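Working through the structure, step by step
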Amino acid sequence: MAQAQLATRIDSRVKKAVAMVCRDRGLKMGRFIEDALIDKLEELEDIEEIKKIRHEPTRPLAALIRDLKLDGQLQD
């Protein structure tokens, strides 16, 4: 995978906290930050999906149970 450098300014307290966590847990800072960015991108994508499905029609539970021919009892 091709790599690129990313430079940004952040609060020095945040950098210090990240450095401490990475040091204490034996993590590489670059990998920690890349994973955090990927997690955030996935979270934002999930939020967009939630917005889409929020407006989908729903069905009453009783109708679902009827259509699946269930009696509403949990089985072991």
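Bear in mind the structure is a predicted one, so any value in this text is a computation, not a measurement. (Residues numbered from 1 in each chain as written. Predicted model: local features only at pLDDT ≥ 70, side-chain atom pairs only at ≥ 80, totals over all residues. Heavy atoms only, no water.)

**Comments concerning helix H1 (residues 12-25)**
Since one α-helical turn is 3.6 residues long, residues separated by three or four positions face the same way. Our working rule: Note on conventions: DSSP H or I runs of at least 4 residues are helices, E runs of at least 2 residues are strands, and numbering of each starts at the N terminus. The span one expects for a helix is its residue count, reduced by one, times 1.5 Å.
In this model, H1 (14 residues) spans 20 Å end to end at C-alpha, consistent with the 20 Å of a helix rising 1.5 Å per residue. Taken from the residues just after H1, Gly-26 is the one with a positive phi, measuring 70 degrees.

**Observations concerning the environment of Gly-30**
Put simply, the test is: Throughout this description, buried means an accessible area under 20% of the type-specific maximum (1.4 Å probe, protein chains only), exposed means over 50%, and partly exposed covers the range between.
Mapping Gly-30 onto the fold places it in helix H2 (residues 29-53). For Gly-30, a relative accessible area of 52% gives the class exposed. In this structure, the C-alpha to C-alpha distance between Gly-30 and Ala-62, residues 32 residues apart in sequence, is 51 Å.

**Observations concerning a nonpolar patch on the surface**
As a reminder of what qualifies: Patch membership requires more than 30% relative accessible area and the absence of a salt bridge. Residues of like charge join within 9 Å; the nonpolar side chains Val, Leu, Ile, Met, Phe, Trp and Tyr join within 5 Å. Here the open area of atoms and residues is found with the Shrake-Rupley method and a 1.4 Å probe, where only the protein chains shown may cover a residue. Basic side-chain nitrogens of Lys or Arg form a salt bridge, by our definition, when they fall within 4 Å of a carboxyl oxygen of Asp or Glu.
A surface patch of nonpolar side chains, about 360 Å² in accessible area, is lined by Leu-6, Met-29, Ile-33 and Leu-37. Structurally, Leu-37 is set in helix H2.

**So, the pattern of salt bridges**
In the structure shown here, the tally under the stated rule is nine salt bridges. Across the pair Arg-66 and Asp-67 runs a salt bridge whose closest N-O atoms are separated by 3.3 Å. Overall, Arg-66 belongs to the exposed group, its relative accessible area being 57%. Owing to a relative accessible area of 40%, Asp-67 belongs among the partly exposed residues under this scheme. Beyond isolated ion pairs, a larger network of salt bridges with shared partners links Arg-31, Glu-34 and Asp-35.

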